[in-house]
Amino acid sequence: MNVGAIERGRHALDEALATLGIEEAAVFHDGERWRQAEATMPVLAPATGEHAAEVADVGAEVAAEVAAGAGHAAEFLRLTAPEERAAACLALGQRLHEWAEPLATVLAVETGKPPAEALAEVAYARSYCSYYGRLAATDLGSAGQVPDGRARVVTRRLGIGPALLVTPWNLPVALAVRKLAAAIAAGCPCILKPSELTPLSGGLLLGRALSSTDSTAWLAVLPTSRPAELVDALLASGQIRKLSFTGSTGVGSALAERAARHGVPCSLELGGNAPALVMHDADVAAAADAIVRAKRRNAGQTCVAPNRVIVHSRLHDALVDELRARFEELRLSGPLDLEAGLGPVIDERARRRLDHWLAAAEEEGARVESFATRPERGTFVSPTLVCGLDPASELLEEEIFGPILPIIAASDDRAAIDQARSASGGLAAYVFCADSIRGAAIGERLNVGLVGVNRGIVSEASAPFGGVGSSGHGKEGGIEGLHAYQNTVSVLFDEPDLFGQAAEALDDSAEVAAVHA
Ligand code: NAD
């Protein structure tokens, strides 16, 4: 990484922050106004290891006050008109569109991802604003009758109340907006606690974007270096009615237990370890294209990244050749480097973990092939193919979260399916075969929530996104994602007796009425 790129990165970050109106280091939004925090914390740029910015570090002392503000906002937000909620979603989407470039610049510096990927992430985030903007004004509840026709039922969906959104660093804009858009559409005030690694793009800038619209949406943004303390204080406030968490399986499971103690329902989007199955009749070159596309995104740091390619043994060598040809073309690129390559992994700890797994795999006798030389600065990891792994290798057990791709041969399609089925759960899987309908049927057997058949993209605003078992529960996206932030209220009232038939039927009905009482 050269000095020019570092300086360009720093200058672009300052310019972007000024454009977005974040000039003071220690501000956070409490849902009503921007406030000064008592302390600040640093943000580091993973591509250079440099100090990129200083931001507010909010402590548990603000929790009760912010939660009370959210509780108050919930009273009026749950009753706002559907069109008003829709307009708030669309206004956020419009602001993300107008601010896409500076927002993507900050995102690229904070995460190290190339600008083109950062821009794509902002566009993906906007797709949730458009989708939920449309849905808010059309998913209007239901009206019907009880089965014996004696009463009517009107069921409305109302905002569940203050929602606490806890998000990770890997797709900080998209994963926060995915929650935020659904919660706004549902009529919930939100408290967003972004990752301490991406507090600007994943939090403060989104607060700025929303507060610059004239919608009634309510959002507090609380960056902190002490997440457990702050989240626990918010849960203990008695105001939070929903916790939506995206992050690692360990943190999410522990948090769900703490939320349960306060009676707070959770949606959990947790870790994945996606298999990519290449069946006996697959188009090997097309499969390699899609696998590399899905793997290279965010340098392999996505919860849906293919982490194990399981290929029919007849196609194994041909597939490895195709993958190698594509990995040879990958390069490593720094912040704001316009020639999109792979960015760094998020920090030194992540890089050390990946290095450890590769060393262990080599010791176990696997063939490890790395491509693209690591630059001296920044937490880069070379894209790497690993063949001939021991089935008990850590590299197959753990969520890799980096540009390392293990490839395993299966004796036939049945064996490939058996290997891909995870006992503890799963989030995504990919299936490559000649017949997409057969691919879909295979995907449905895999114990995951999302399947890409002959494609490397599985995430889409209209499709419910989420895993099973240890990958979490609850969905984001689709109508399920909206309903996750709503409660139903069913109002029953008797059918009117327009012409006195009820009196005639009264005798017959006495017995039935007694049963219903
Ligand atoms: P993480 O679990 O370390 O952190 C996630 C969030 O939880 C952050 O905001 C963090 O500050 C907060 N947190 C950490 N410890 C906490 C505690 N004790 N109490 C309360 N909050 C706490 O995860 P990460 O490293 O930021 O993100 C990577 C993980 O996220 C990977 O496992 C990845 O698979 C997962 N992920 C899942 C999805 C999905 O949709 N299923 C999407 C993206 C990432």
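Structure shown above.
This is a predicted model, so every value here is computed, not measured. (Residues numbered from 1 in each chain as written. Predicted model: local features only at pLDDT ≥ 70, side-chain atom pairs only at ≥ 80, totals over all residues. Heavy atoms only, no water.)

1. Description of the environment of Leu205
- You can see Leu205 is positioned in helix 7 (residues 200–211).
- Since its relative accessible area comes to 2%, Leu205 is described here as buried.
- As a C-alpha pair, Leu205 and Leu158 span 47 residues in sequence and 28 Å in three-dimensional space.
- In this structure, Leu205 is in contact with Leu17, Leu20, Ile22, Trp99, Leu103, Val106 and Leu200, ignoring residues within four places of it in sequence. (Helix = DSSP H or I, 4+ residues; strand = E, 2+ residues; numbered from the N terminus. Buried < 20%, exposed > 50% of the residue type's maximum accessible area, 1.4 Å probe, protein only. Contact = heavy atoms within 4.5 Å.)

2. Concerning the site of the ligand
- In the neighbourhood of the ligand, 30 residues make up the surrounding shell, with Thr167, Glu196, Ser248, Leu270 and Glu399 lying closest.
- Within the backbone of Thr167, an N or O atom sits 2.7 Å from an oxygen atom of the ligand.
- Measuring from a nitrogen atom of the ligand, one finds a side-chain N or O atom of Arg258 at 3.1 Å.
- Notes on the ligand: free accessible area 850 Å², of which the protein chains cover 87%.
- A per-class count over the shell around the ligand returns 16 nonpolar, eight polar and six charged. (Near = heavy atom within 4 Å. Polar contact = N/O pair within 3.5 Å; in protein donor to acceptor, adjacent residues only side chain to side chain. Areas by Shrake-Rupley, 256 points an atom, 1.4 Å probe, with all protein chains shown as cover. Nonpolar A, V, L, I, M, F, W, Y, C, P; charged D, E, K, R; others polar.)

3. Looking at helix 15 (residues 436–444)
- Burial in helix 15 covers these residues: Gly439, Ile442 and Gly443. Here the buried residues of helix 15 occupy an arc of 100° about the axis, which is enough to place them on one side. Facing away from the buried surface of helix 15 by more than 90 degrees, the exposed residues are Ile437 and Glu444.
- Turning to helix 15, the residues buried within the fold contact strand 12 (274–278), helix 14 (413–420), strand 18 (428–432) and strand 19 (450–453).
- Measuring from the backbone nitrogen of Ile437 back to the side-chain oxygen at the start of helix 15 gives 2.9 Å, which picks out Asp435 as the cap. (Arc of directions from axis to C-beta.)

4. Some thoughts on the packing of helix 10 (residues 284–296) against helix 11 (residues 316–329)
- Running from N to C, helix 10 and helix 11 cross one another at 45°; their axes reach a closest spacing of 9 Å. Relative to helix 11, the element helix 10 lies oblique. Considering the relative orientation of helix 10 and helix 11, their crossing is right-handed. Between helix 10 and helix 11, the contacting residues are Val284, Ala285, Ala288, Asp289, Ile291 and Val292 on the first element and Ala318, Leu319, Glu322, Leu323, Arg326 and Phe327 on the second.
- Within the contact of helix 10 with helix 11, the residues separate by chemical class into nine nonpolar, no polar and three charged. (Axes fitted to C-alpha atoms, helices over the stretch in contact; angles between N-to-C directions. Parallel < 35°, antiparallel > 145°, perpendicular 65-115°, else oblique. Left-handed = near helix turned anticlockwise from the far one by under 90°.)

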